[in-house]
Amino acid sequence: MQTNSLCTCLKGDKGDTGSPGPRGQNGYNGTDGIDGQAGDRGVKGDPGIPGFNGDDGVDGEKGDRGLKGDAGAIGLHGLKGDKGTTGPKGDEGIPGAKGIVGPKGQKGEPYQRAVDTTIAFTAGVIQQPDMHDSRSIIFNMVYTNVGGAYNKETGRFTCTIAGLYVFTWSTEVNQSRYIKSQLTVNGQNRAYLQVSAGIFSNSGCATIILQLNINDVVDVTPSMFSHGASLGASSSFSGHLLYSI
């Protein structure tokens, strides 16, 4: 008969950790899991950077003309523009009808003779005057001297009525000679006349209009002449008042 004997054993202390064993081989891929539920919508992101401009597109074909639109509303009254330039003169109008005869006018005042303001003279040469520079030529044959303003002794006209006057003088020069003369007012030259003769005597004349004041003196003087030159019988000096001022 066998007898079992029981032995009571005590737990010993934990031993030191052993060294890691070699890495095992990768396992096989597992089967796909079941799709999870949809997640919540994420927050809107910041705007992206603008892209570059694209190339211009090809021009399209011209479209058909549209229908005429309705008239727009009348706009506000504009500002007044600048005055335009004067237009061309129009054609002459048709003469109007003859007017009726007006009433008879009042009787005029009795005629009164105006104050005599006639001044006129003409003088010629009865004897040849001596020719001297800057001396008045003496026209000593007086034909007319209305108003008495010409002096045949000095050959000078003295203005007695202020106004507008006309003066004319002529010189006849003997053959092969010349005389240049001038009309002066108070010694100042106002007009010139030059006459030259060839184998025959020659003459010329000059005219000037002058405005004179009372006591102005007008005469004719020689400025240049050839030796032996003299004035012929057709030489003359005359003047008259056009109107007083």
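Let us look at the structure shown here. Keep in mind it's a predicted model, so treat the numbers as computed, not measured.

1. Remarks on the pairing of strand 1 (residues 120–124)
Turning to step 1, where the next piece is worked out: The element strand 1 is extensively covered by neighbouring structure, given that 4 of its 5 residues are classed as buried.
Turning to step 2, where the next piece is worked out: Examined bridge by bridge, strand 1 and strand 2 (residues 141–146) share 5 bridges and lie antiparallel to one another. Bridge pairing in strand 2 places alanine 123 opposite valine 142.
Turning to step 3, where the next piece is worked out: Note: strand 1 against strand 10 (residues 236–244), 5 bridges, orientation antiparallel. Looking at strand 10, one finds that glycine 124 is bridged to serine 236.

2. With respect to the pattern of salt bridges
Turning to step 1, where the next piece is worked out: Inspection of the entire model under this criterion finds 1 salt bridge.
Turning to step 2, where the next piece is worked out: Salt-bridge contacts for aspartate 219 lead to arginine 156; the nearest nitrogen and oxygen are separated by 3.7 Å. Residue aspartate 219 is located in strand 9 (residues 217–225), and its partner arginine 156 is located in strand 4 (residues 156–158); the two are separated by 63 residues in the primary sequence.
Turning to step 3, where the next piece is worked out: The exposure class assigned to aspartate 219 is buried, which follows from its relative accessible area of 7%.
Turning to step 4, where the next piece is worked out: Overall, the relative accessible area of 40% leaves arginine 156 in the partly exposed class.

3. Let's talk about the nonpolar core
Turning to step 1, where the next piece is worked out: Judged by nonpolar contacts, the single largest core of 32 residues is most densely connected at Phe157, Phe167, Leu183, Leu212 and Phe237.
Turning to step 2, where the next piece is worked out: Phenylalanine 157 has contacts with Ile119, Phe121, Ala149, Tyr150, Tyr165, Phe167, Leu212, Asp216, Val217 and Val218, leaving out every residue within four places of it along the chain.

4. Quick look at a nonpolar patch on the surface
Turning to step 1, where the next piece is worked out: Nonpolar side chains collect at one region of the surface, where Ile209, Leu242, Tyr243 and Ile245 lie side by side and expose about 440 Å² of accessible area between them.
Turning to step 2, where the next piece is worked out: Relative to the assigned elements, tyrosine 243 resides in strand 10.
Turning to step 3, where the next piece is worked out: Note on tyrosine 243: relative accessible area 48%, which makes it partly exposed.

5. A short note on the sheet that holds strand 10
In any sheet, the strands associate via hydrogen bonds between backbone groups, in a parallel or an antiparallel arrangement.
Turning to step 1, where the next piece is worked out: Pairing in this open sheet of 5 strands is antiparallel, and the strands run 2-1-10-5-8 from one edge to the other. On the outer flanks of this sheet lie strand 2 and strand 8 (202–212), each paired with one strand and no other. Looking at each pair of strands side by side, their axes are set apart by 10 degrees on average, direction ignored.

6. Quick word on the packing of aromatic side chains
Turning to step 1, where the next piece is worked out: Counted under the stated rule, the structure contains 10 aromatic pairs.
Turning to step 2, where the next piece is worked out: Relative to phenylalanine 167, the ring of phenylalanine 121 lies with its centre 6.4 Å away and its plane at 55 degrees, an arrangement referred to as tilted. On the criterion of sequence distance, the pair formed by phenylalanine 121 in strand 1 and phenylalanine 167 in strand 5 (residues 163–173) is long-range, its members being 46 residues apart. Comparing phenylalanine 121 with phenylalanine 167 shows no difference in burial state: the two are buried.
Turning to step 3, where the next piece is worked out: With a centroid separation of 5.1 Å and an interplanar angle of 80 degrees, the aromatic rings of phenylalanine 121 and phenylalanine 237 are classed as edge-to-face. Highlighted residues: phenylalanine 121 in strand 1 and phenylalanine 237 in strand 10, separated in sequence by 116 residues. Phenylalanine 237 matches phenylalanine 121 in its accessibility class, with the two residues each being buried.

7. What about the sheet that holds strand 6 (residues 178–185)?
Turning to step 1, where the next piece is worked out: Taken in spatial order, the 5 strands make up an open sheet running 3-4-9-6-7, and their pairing is antiparallel. Each end of this open sheet is capped by a strand with a single partner; those strands are strand 3 (150–151) and strand 7 (188–196).
Turning to step 2, where the next piece is worked out: Pairing geometry for strand 4 and strand 9, over 2 bridges, is antiparallel. Residue pairing for strand 9: phenylalanine 157 is matched across the bridge by valine 218.

8. Some words on unusual backbone geometry
Turning to step 1, where the next piece is worked out: Although it is not a glycine, serine 176 sits at a positive phi angle of roughly 60 degrees.
Turning to step 2, where the next piece is worked out: Tracing the sequence through the fold places serine 176 in the loop between strand 5 and strand 6.
Turning to step 3, where the next piece is worked out: The backbone phi angle of asparagine 215 is positive, close to 80 degrees, even though this residue is not glycine.
Turning to step 4, where the next piece is worked out: Along the chain, the position of asparagine 215 falls in the loop between strand 8 and strand 9.
Turning to step 5, where the next piece is worked out: On the basis of relative accessibility, which here comes to 57%, the residue asparagine 215 falls in the exposed class.

Cut-off values and rules
- Residues numbered from 1 in each chain as written.
- Predicted model: local features only at pLDDT ≥ 70, side-chain atom pairs only at ≥ 80, totals over all residues.
- Heavy atoms only, no water.
- Buried < 20%, exposed > 50% of the residue type's maximum accessible area, 1.4 Å probe, protein only.
- Helix = DSSP H or I, 4+ residues; strand = E, 2+ residues; numbered from the N terminus.
- Pairing = 2+ DSSP bridges.
- Salt bridge = Lys/Arg side-chain N within 4 Å of Asp/Glu carboxyl O.
- Core = buried A, V, L, I, M, F, W, Y, C linked by side-chain atoms within 4.5 Å.
- Contact = heavy atoms within 4.5 Å.
- Patch = residues over 30% accessible without salt bridge, like charges linked within 9 Å, V, L, I, M, F, W, Y side chains within 5 Å.
- Areas by Shrake-Rupley, 256 points an atom, 1.4 Å probe, with all protein chains shown as cover.
- Axes fitted to C-alpha atoms, helices over the stretch in contact; angles between N-to-C directions.
- Phe/Tyr/Trp six-rings, centres within 6.5 Å; stacked < 30°, edge-to-face > 60°.

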